[in-house]
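# Survey of secondary and tertiary structure
Chain by chain, the residues run as shown.
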Amino acid sequence: MAVNAQIPIIDISVDGADQVDVARRLVDAAAEHGFIYIRNTGQDISADRIQRAFELARTLFASPVEDKQRCSIQKNNQGWSGMHSETLDPKSQRVGDFKEAFNFGSFKDGRATQPVPASMDAHQEELAAFRNACHTLCRKLLLLFGIGLEVSPPDFFTSAHNPDAESGTILRFLRYPPPTETPDAQADDVRAGAHSDYGSVTLLFRIPGQAGLEVLTPSNTWAPVPVTPQGTENDPSPPILVNIGDLLSYWTNGLLRSTVHRVSFSPGQAATGESSVDPRYTLVFFCHPAHDTPLVPVPSERVRSFAGVSSQAKEGNPYAERKVVTAAEHLQMRLQASYADLYKDNAA
């Protein structure tokens with residue numbers, strides 16, 4: 001049995017807590033691990049609301065294939081993608097990811113601004129409300145990161161994530177079929193290839209007992225990330241897993257780590273009490289800044305000090321140096337690598 005990833009659990013509720021202390025602990029966890037479990041996120045993302053969102057995900061993926069194909073993913077990263085459509089680690093994978101997904105972009109007046117399967121027509125306001133609640137939580141986290149880094153002003157990150165601005169922000173539903181539905185999978189195949197996330201902050205919602213997520217440790221080994229870490233067994237729902245994306249790492253010159261992770265078939269690698277026997281469903285919220293946001297250095301003394309350390313200390317962190325100018329440019333770079341067929345017309 002593999003040793004679980006050691007990821008901190010942080011209660012982010014401000015009532016009765018020192019907000020500055022919470023913010024500093026978030027920053028320290030993000031700098032060391034790139035992943036954080038968070039608890040007590042408020043009624044906007046209650047256990048009942050999360051359970052309901054998973055019910056909608058099951059309904060969506062049970063839709064007729066023809067109806068999902070009508071909503072196929074486009075270059076704006078919105079829509080349905082079927083098995084093997086996305087290849088998150090094209091340099092290493094034999095075939096594309098063993099999953100299907102549906103990406104929801106923005107909603108206007110409770111209605112999606114993209115085609116959705118007929119099974120979702122009656123639930124669009126509910127989907128919009130869940131997406132908005134996720135965005136609100138991300139902006140709260142981004143404010144705490146600003147406070148913890150002593151950014152001036154502390155809402156530096158939050159202001160770049162205006163919910164009304166055009167961005168790459170996506171609510172994604174995912175279904176990973178069980179091994180019984182993927183008899184062609186080989187020993188070295190993965191359900192989702194090794195990758196870092198493209199945006200600023202990611203929220204991941206999972207179902208107890210469903211294995212698969214692994215993070216790459218500093219020793220270059222894969223460690224499973226339990227859905228229900230020790231000490232949260234009696235919580236109404238598992239803690240939300242938060243991870244730092246590329247852009248927040250760029251902004252901080254690599255101080256906050258955009259950690260590589262994957263989803264495996266996990267035989268012999270699953271956390272205790274988890275398995276890959278059943279289909280695996282996850283809900284993911286990828287929070288991005290406005291498309292035209294320039295990736296300028298964040299005004300923080302801690303970040304400036306980190307930027308001045310030796311190159312040896314940054315070794316192995318590909319986001320310690322800024323490589324692109326805007327959020328949109330970075331997103332397009334990553335999407336073109338993951339959806340080669342979708343972008344083949346762009347090839348030189």
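The present account deals with the structure reproduced in this document. (Residues numbered from 1 in each chain as written. Predicted model: local features only at pLDDT ≥ 70, side-chain atom pairs only at ≥ 80, totals over all residues. Heavy atoms only, no water.)

What follows is about the overall build of the chain. Across its full length, the chain carries 8 helices and 14 strands. Taking 20 Å as the expected radius of gyration for a compact globule of 348 residues, we find that the chain reaches 19 Å, a close match to that expectation. Taken along the three principal axes of its C-alpha coordinates, the chain extends 55 × 50 × 45 Å. In the chain, buried positions account for 54% of the 348 residues. Of the contacts formed within the chain by residues at least 6 apart in sequence, a portion of 79% connects residues at least 24 apart. Total accessible area on the chain stands at roughly 15600 Å², and carbon and sulfur atoms take up 49% of it. Charged side chains in the chain number 31 positive and 41 negative. The centres of these two groups are separated by 2 Å. (Helix = DSSP H or I, 4+ residues; strand = E, 2+ residues; numbered from the N terminus. Rg over C-alpha atoms; globule rule 2.2 N^0.38 Å. Buried < 20%, exposed > 50% of the residue type's maximum accessible area, 1.4 Å probe, protein only. Contact = heavy atoms within 4.5 Å. Areas by Shrake-Rupley, 256 points an atom, 1.4 Å probe, with all protein chains shown as cover. Lys, Arg positive; Asp, Glu negative; His and termini not counted. Charge placed at Lys NZ, Arg CZ, Asp CG, Glu CD.)

On to empty space enclosed by the protein, then. This model, assessed by the stated rule, comprises 1 cavity of 30 Å³ or more. One number sums up the size of the largest cavity: a volume of about 380 Å³. Contributing to the lining of the largest cavity are 30 residues, with Arg172, His195, Asp197, Val284 and Phe286 lying nearest its centre. The set of elements that each furnish at least two residues to the lining of the largest cavity consists of strand 7 (170-176), strand 8 (192-195), strand 9 (201-205), strand 13 (261-263), strand 14 (280-287) and helix 8 (327-338). (1 Å grid on protein atoms, 1.4 Å probe; cavity = no way out; pocket = protein on both sides within 12 Å on 5 of 7 lines; lining within 4 Å. Points joined across faces, edges and corners; volume = space filled by probe spheres on them.)

Further remarks concern the sheet that holds strand 10 (residues 213-216). Strands sit in the order 8-13-10-11 across an open sheet of 4 strands; the sheet is antiparallel. The sheet terminates laterally at strand 8 and strand 11 (222-224), the two strands that pair on one side only. Direction aside, neighbouring strands of the sheet carry axes that sit 25 degrees apart on average. Here 3 bridges tie strand 10 to strand 11, and the two strands are oriented antiparallel to one another. Each residue of the ladder has a partner; that of Glu214, found in strand 11, is Pro224. (Pairing = 2+ DSSP bridges. Axes fitted to C-alpha atoms, helices over the stretch in contact; angles between N-to-C directions.)

Time to look at the packing of helix 1 (residues 19-32) against helix 4 (residues 124-148). Two numbers describe how helix 1 lies on helix 4: the axes approach to 8 Å, and their chain directions differ by 90 degrees. Taken together, the axes of helix 1 and helix 4 lie roughly perpendicular to each other. Across the interface between the two elements, Gln19, Val20, Val22, Ala23, Arg24, Leu26, Val27 and Ala30 from helix 1 touch Leu141, Leu144, Phe145, Ile147 and Gly148 from helix 4. (Parallel < 35°, antiparallel > 145°, perpendicular 65-115°, else oblique.)

Core analysis: the largest hydrophobic core is formed by 66 residues, its most contacted members being Leu141, Phe145, Phe157, Phe173, Leu203, Phe205 and Leu256. The element contributing the most residues to this core is helix 4, with 11 residues. Once you skip the residues sitting within four places of it in the chain, Phe205 turns out to touch Ile45, Ile50, Phe54, Phe130, Cys134, Ile240, Thr282 and Leu283. The next biggest cluster of nonpolar side chains, apart from the first, holds 25 residues, and it includes Ile170, Val215, Val225 and Phe286. (Core = buried A, V, L, I, M, F, W, Y, C linked by side-chain atoms within 4.5 Å.)

Here the focus is helix 8. With 12 residues, helix 8 ought to run about 16 Å at 1.5 Å a step, and its terminal C-alpha atoms sit 17 Å apart, in line with that. Regarding helix 8, the residues found buried are Ala327, His330, Leu331, Arg334, Leu335 and Ser338. Each buried residue of helix 8 lies within a common arc of 130 degrees when the element is viewed along its axis, so the set occupies one face. The elements touched by buried residues of helix 8 are strand 8 and helix 6 (246-251). (Expected span 1.5 Å × (residues − 1). Arc of directions from axis to C-beta.)

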